Amino acid sequence: MTSSSDRSLAVDVHVPKSYEIRTYGCQMNVHDSERLSGLLEEAGYVRAPEGSDGDADVVVFNTCAVRENADNRLYGNLGRLAPRKASRPGMQIAVGGCLAQKDRDTITKKAPWVDVVFGTHNIGKLPVLLERARVQEEAQVEIAESLEAFPSTLPTRRESAYAAWVSISVGCNNTCTFCIVPALRGKEKDRRTGDILAEIEALVGEGVSEITLLGQNVNAYGSDIGDREAFSKLLRACGAIEGLERVRFTSPHPRDFTDDVIAAMAETPNVMPQLHMPLQSGSDTVLKAMRRSYRQERYLGIIEKVRAAIPHAAITTDIIVGFPGETEEDFEQTLHTVREARFAQAFTFQYSKRPGTPAATMEDQIPKEVVQARYERLVAVQEEISWEENKKQVGRTIELMVAEGEGRKDGATHRLSGRAPDNRLVHFTKPDQEVRPGDVVTVEVTYAAPHHLLAESQVLDVRRTRAGDAWEKRTAEKAAKPAGVLLGLPKIGAPAPLPVATGSGCGCD
């Protein structure tokens, strides 16, 4: 008779297992998924081909708990995988992220075919939990209540060769009534500045030329270490890193957006003239109910200061429509703020209950039809403003960092796409000479639409970069790698820490 331990050894070691990761939610989750990919590949797994749609040995769901129907979406997807798992011996399913942190044992009760449930604080345990579930032939649920180790110690499989996320903090100290993220990711914990800069320097050494600093409340960086100007100092320190061409950050909070940060943005050449500043509502009454620690006047004052210091800055925002108790007058205040701020883009959301948040149990929940009507009015106003602001770009000569996968119609239009310093998306005419993602081109904007610009004239200049070299090298290595290459046996236990790497961030602020 064969024991379970014997069966655990009866694996074809010559065929590496494949994995697929499905990511929901914010930039922090996207970055966490890069970590999960790095962990799995270090443990011997290979990434399943694009479009596998669950046809992998391990399927990982990196979940978000921000939306009301997040759990319905997860269980629907898990249900669709159940028959595939039943017909594929050895297949494993893992669920991590914010919803896993919140629901814990509920997941395996509703979907008993799930093998592993892990939380936001212990993503580094995924490989060993998968191995333990396989050996013991039972689900493994492990949710850490606090951060075990900063995610910067974990291996990473980055999605881009030329641009990278760099986490500077995890967690959030705010108590916004619509947001459950602080309860799931914990209080803010800052990384040491030296560790952040060492990671950025290592990334630049690998060919990365653009980094985005990540944090749930990115400009509160320093509160954990007692330095209110730590974030502006970090921005200035990024300006001293040779070879780092572009620095961005997301998402800041108006409460912590101080004059020293504006000065650092304006005076540091590689910090881009772009700011994503969540508004959420233009009504002081609603902002108070949301527990947002600023009011309309303070918010517009920040925008005015940023524009004075950085005239060409593109400012974007997040807005929630239909928060409980929002009156027509409150909504009109939001429209007024939008018209005054003149955002380049706004990410607009209809309020939906987040189970576990104070707002979910508030009185005066707004009827769906009222929320929908206000949402459509807001979108119409913002679309008009976005188009007017984009039209101001026509005739400007700008440098674009060539992007990969940003222009969905590029193949049909024979164009390429790139991002301007202010992060506007620009589609440009493909030049005669080779241009690679990560390279920089100089173009003249000839046409504006609400959500993108066109540069239809001939490209004025092409600058080949180390970032483009990095993209070319990665592409060549991917093409040369034979299918089914042996990457080694999965390891038992957590992987050894790497010298440098990163962590996570959420755009709910």
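Located above this text is the structure these notes cover.
To start, this report covers the structure provided alongside it.

What counts and how
- Residues numbered from 1 in each chain as written.
- Predicted model: local features only at pLDDT ≥ 70, side-chain atom pairs only at ≥ 80, totals over all residues.
- Heavy atoms only, no water.
- Phe/Tyr/Trp six-rings, centres within 6.5 Å; stacked < 30°, edge-to-face > 60°.
- Buried < 20%, exposed > 50% of the residue type's maximum accessible area, 1.4 Å probe, protein only.
- Helix = DSSP H or I, 4+ residues; strand = E, 2+ residues; numbered from the N terminus.
- Lys NZ or Arg CZ within 6 Å of the ring centre and 35° of its normal.
- Core = buried A, V, L, I, M, F, W, Y, C linked by side-chain atoms within 4.5 Å.
- Contact = heavy atoms within 4.5 Å.
- Pairing = 2+ DSSP bridges.
- Salt bridge = Lys/Arg side-chain N within 4 Å of Asp/Glu carboxyl O.
- Axes fitted to C-alpha atoms, helices over the stretch in contact; angles between N-to-C directions.
- Parallel < 35°, antiparallel > 145°, perpendicular 65-115°, else oblique.
- Nonpolar A, V, L, I, M, F, W, Y, C, P; charged D, E, K, R; others polar.

1. Overview of the packing of aromatic side chains
Aromatic ring pairs are reported here in terms of the distance separating the ring centres and the angle at which the planes meet.
Link 1 in the chain: As enumerated under the stated definition, the model contains four aromatic pairs in all.
Link 2 in the chain: Residues Tyr294 and Tyr299 carry aromatic rings whose centres are separated by 6.1 Å and whose planes lie at 35° to one another, so their mutual orientation is tilted.
Link 3 in the chain: A relative accessible area of 2% places Tyr294 in the buried class.
Link 4 in the chain: Seen from their ring centres, Tyr299 and Phe343 are 6.3 Å apart, and the 65° between their planes marks the pair as edge-to-face. Taken together, the residues Tyr299 in helix 12 (residues 296-309) and Phe343 in the loop between helix 13 (328-341) and strand 14 (345-350) connect sequence positions 44 residues apart. Here the two residues Tyr299 and Phe343 agree in accessibility, since each one is buried.
Link 5 in the chain: Connected via pairs of aromatic rings, a cluster forms that spans Tyr294, Tyr299 and Phe343.
Link 6 in the chain: In this arrangement the basic side chain of Lys391 is found over the ring face of Trp387, its NZ or CZ atom lying 4.4 Å from the centre.

2. Re the nonpolar core
Link 1 in the chain: Counting residues in hydrophobic clusters, the biggest one holds 64 residues, and the most contacted among them are Ile200, Leu213, Leu235 and Phe257.
Link 2 in the chain: Apart from the residues within four sequence positions on either side, Leu213 is in contact with Val166, Ile168, Ile200, Val218, Phe231, Leu234, Leu235, Val247, Arg248, Phe249 and Thr250.

3. Here's the deal with the pairing of strand 3 (residues 58-63)
Link 1 in the chain: Counting buried residues along strand 3, six of its six residues qualify, which places the element largely inside the surrounding structure.
Link 2 in the chain: Burial of the side chains of strand 3 extends over both faces: Val58, Val60 and Asn62 are buried on one face and Val59, Phe61 and Thr63 on the other.
Link 3 in the chain: Note: strand 1 (residues 18-23) against strand 3, five bridges, orientation parallel. The residue of strand 3 that forms the bridge with Tyr19 is Val58.
Link 4 in the chain: In this structure, strand 3 lies alongside strand 4 (residues 92-97), joined through six bridges in parallel fashion. The residue bridging Phe61 from the neighbouring strand is Val95, located in strand 4.

4. So, the pattern of salt bridges
Link 1 in the chain: Overall, the coordinates contain 31 salt bridges when judged by the stated rule.
Link 2 in the chain: With a shortest N-O distance of 3.0 Å, Arg88 and Asp57 are connected by a salt bridge. You can see Arg88 sitting in the loop between helix 3 (70-87) and strand 4 and its partner Asp57 sitting in the loop between strand 2 (46-47) and strand 3, a full 31 residues away along the chain.
Link 3 in the chain: Note on Arg88: relative accessible area 22%, which makes it partly exposed.
Link 4 in the chain: We classify Asp57 as buried; its relative accessible area is 18%.
Link 5 in the chain: With a shortest N-O distance of 2.9 Å, Glu326 and Arg374 are connected by a salt bridge. With Glu326 in the loop between strand 13 (314-321) and helix 13 and Arg374 in helix 14 (residues 368-391), this residue pair connects regions lying 48 residues apart in the sequence. For the pair shown, Glu326 and Arg374 are each scored as buried.
Link 6 in the chain: Each of Glu434, Arg436, Asp439, Arg464, Asp469 and Glu472 takes part in salt bridges that share partners, so that together they form one network.

5. What to know about the sheet that holds strand 4
Link 1 in the chain: If you walk across this open sheet you meet the six strands as 2-1-3-4-5-6, and the pairing is parallel. Of all strands in the sheet, those with a lone pairing partner are strand 2 and strand 6 (140-142), marking the two edges.
Link 2 in the chain: Looking at chain direction, strand 5 (residues 116-118) and strand 6 are connected through three bridges and run parallel. Within strand 6, the residue paired with Val116 across the bridge is Gln140.
Link 3 in the chain: Lying on the sheet, helix 2 (residues 27-42) is in contact with strand 1, strand 2, strand 3 and strand 5; it crosses strand 1 at an angle near 170°.

6. Quick word on helix 6 (residues 126-136)
Link 1 in the chain: Taken residue by residue, helix 6 has Leu126, Pro127, Val128, Leu129, Leu130, Glu131 and Ala133 as its buried positions.
Link 2 in the chain: Glu137, located one to two residues past helix 6, shows a positive phi value of around 55°.

7. Looking at the packing of helix 12 against helix 13
Link 1 in the chain: Interhelical geometry of helix 12 versus helix 13 gives an angle of 10° and a closest axis separation of 10 Å. Considered as vectors, helix 12 and helix 13 are oriented roughly parallel to each other. Taken together, the residues of helix 13 that come into contact with helix 12 (itself represented by Gln296, Tyr299, Leu300, Ile303 and Arg307) are Gln333, His336, Thr337, Glu340 and Ala341.
Link 2 in the chain: Classifying every residue of the contact of helix 12 with helix 13 by side-chain character gives four nonpolar, four polar and two charged.

Taken by themselves, the reported measurements are silent on function.
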